[in-house]
Amino acid sequence: MRDELAERGKAGEDRQALLDAILTIVADPALPDEDVGGLIRGEKVGWERLRSAQATALPPLPRDHGHLAALDGSYGYLRQFTPQVLEAVTFSGGTAATDLLKAVAILRELNAAGARRVPDAAPASIVPARWRGATWTPRRRQAISPYRHTIT
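None of these values were measured; they are calculated from a predicted model. (Residues numbered from 1 in each chain as written. Predicted model: local features only at pLDDT ≥ 70, side-chain atom pairs only at ≥ 80, totals over all residues. Heavy atoms only, no water.)

**Student:** Go over the overall build of the chain with me, naming the residues and quoting the values.
**Tutor:** Along its length, the chain carries eight helices and zero strands. For the chain, the N- to C-terminal ordering of α and β elements is α-α-α-α-α-α-α-α. When each of the 152 residues of the chain is scored for burial, the buried share is 24%. Pairs at least 24 residues apart make up 43% of the contacts formed inside the chain by residues separated by at least 6 positions. In the structure as shown, the chain presents an accessible area of about 10900 Å², 56% of it carried by carbon and sulfur atoms. (Helix = DSSP H or I, 4+ residues; strand = E, 2+ residues; numbered from the N terminus. Buried < 20%, exposed > 50% of the residue type's maximum accessible area, 1.4 Å probe, protein only. Contact = heavy atoms within 4.5 Å. Areas by Shrake-Rupley, 256 points an atom, 1.4 Å probe, with all protein chains shown as cover.)

**Student:** Before we move on, could you go through a nonpolar patch on the surface and cite the residues and values that matter?
**Tutor:** Judged by side-chain polarity, Tyr-77, Phe-81, Val-85, Val-89 and Phe-91 come together as a nonpolar surface patch covering roughly 430 Å² of accessible area. Mapped onto the elements, Tyr-77 comes out in helix H5 (residues 75-88). (Patch = residues over 30% accessible without salt bridge, like charges linked within 9 Å, V, L, I, M, F, W, Y side chains within 5 Å. Salt bridge = Lys/Arg side-chain N within 4 Å of Asp/Glu carboxyl O.)

**Student:** Mind laying out the packing of H5 against helix H6 (residues 98-113), listing which residues take part and the relevant values?
**Tutor:** Working note: a packed helix pair is described by the angle between its axes plus the distance between those axes. In contact at an axis separation of 10 Å, H5 and H6 are set at 120 degrees when each is read in the N-to-C sense. Considering their axes alone, H5 and H6 lie oblique with respect to each other. Once H5 is placed against H6, the crossing between them reads as left-handed. Contacts between H5 and H6 involve Arg-79, Pro-83, Leu-86 and Glu-87 from the former and Val-104, Leu-107, Arg-108 and Asn-111 from the latter. Looking at side-chain class alone, the contact of H5 with H6 contains four nonpolar, one polar and three charged residues. (Axes fitted to C-alpha atoms, helices over the stretch in contact; angles between N-to-C directions. Parallel < 35°, antiparallel > 145°, perpendicular 65-115°, else oblique. Left-handed = near helix turned anticlockwise from the far one by under 90°. Nonpolar A, V, L, I, M, F, W, Y, C, P; charged D, E, K, R; others polar.)

**Student:** Got a sec to walk through the confidence of the model for the chain? Specific residues and values, please.
**Tutor:** With 86% of its residues at a pLDDT of 70 or more, the chain shows a mean pLDDT of 81. Confidence scores differ between elements of the chain, with helix H8 (residues 138-141) showing the lowest mean pLDDT of 48 and helix H2 (residues 33-41) the highest of 94. Contacts for the low-pLDDT stretch residues 140-152, under 50 throughout, to residues beyond four places or in other chains number 40 contacts. (pLDDT = per-residue confidence, 0-100.)

**Student:** How would you summarise the packing of aromatic side chains if you had to cite specific residues and measurements?
**Tutor:** Tallying each qualifying case throughout the model produces one aromatic pair. With a centroid separation of 5.3 Å and an interplanar angle of 75 degrees, the aromatic rings of Tyr-77 and Phe-81 are classed as edge-to-face. On the criterion of helical spacing, the pair formed by Tyr-77 and Phe-81 is a turn pair, its members being four residues apart in helix H5. Classification of Phe-81 by relative accessible area gives partly exposed; the value is 33%. (Phe/Tyr/Trp six-rings, centres within 6.5 Å; stacked < 30°, edge-to-face > 60°.)

**Student:** With reference to specific residues and values, describe the packing of helix H1 (residues 2-26) against H2.
**Tutor:** Between H1 and H2, whose axes approach to 9 Å, the crossing angle comes to 155 degrees. As far as their axial angle goes, H2 and H1 are roughly antiparallel. Here the hand of the crossing between H1 and H2 comes out right-handed. Taken together, the residues of H2 that come into contact with H1 (itself represented by Ile-22, Ile-25 and Val-26) are Val-36, Leu-39 and Ile-40. Looking at side-chain class alone, the contact of H1 with H2 contains six nonpolar, no polar and no charged residues.

Here it is, written out as structure tokens:
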């Protein structure tokens, strides 16, 4: 994922340079407003550069920058060993970790029982806000979940 984000960043450098060139023109108080469009489309930037940037536009990243999709893609692999990790590791924490510790206990119970349905009483506070729309099912938060096995 880091490599993909780095490649995306490299691809965006030309677009960033274009934006910088446009901002230099737009923010110049010495240029009359009626000359700005001509300078951008003409000698300072040019139609070719504008069209090239438009043609290479990348779709916006999801709110979580692709982390949830990466977890989704590795779900089967992760499920091979996470129950053993949860059983082998003792987790502890202060009062700020209470909900997280409850969630770990619920996962242990689910693994022991071979169950998959997370109880309604599971703590919601451990899910980052940017993931909530993709993880809560209709019965939990009135949102449709494309990642059923994240929280069901």
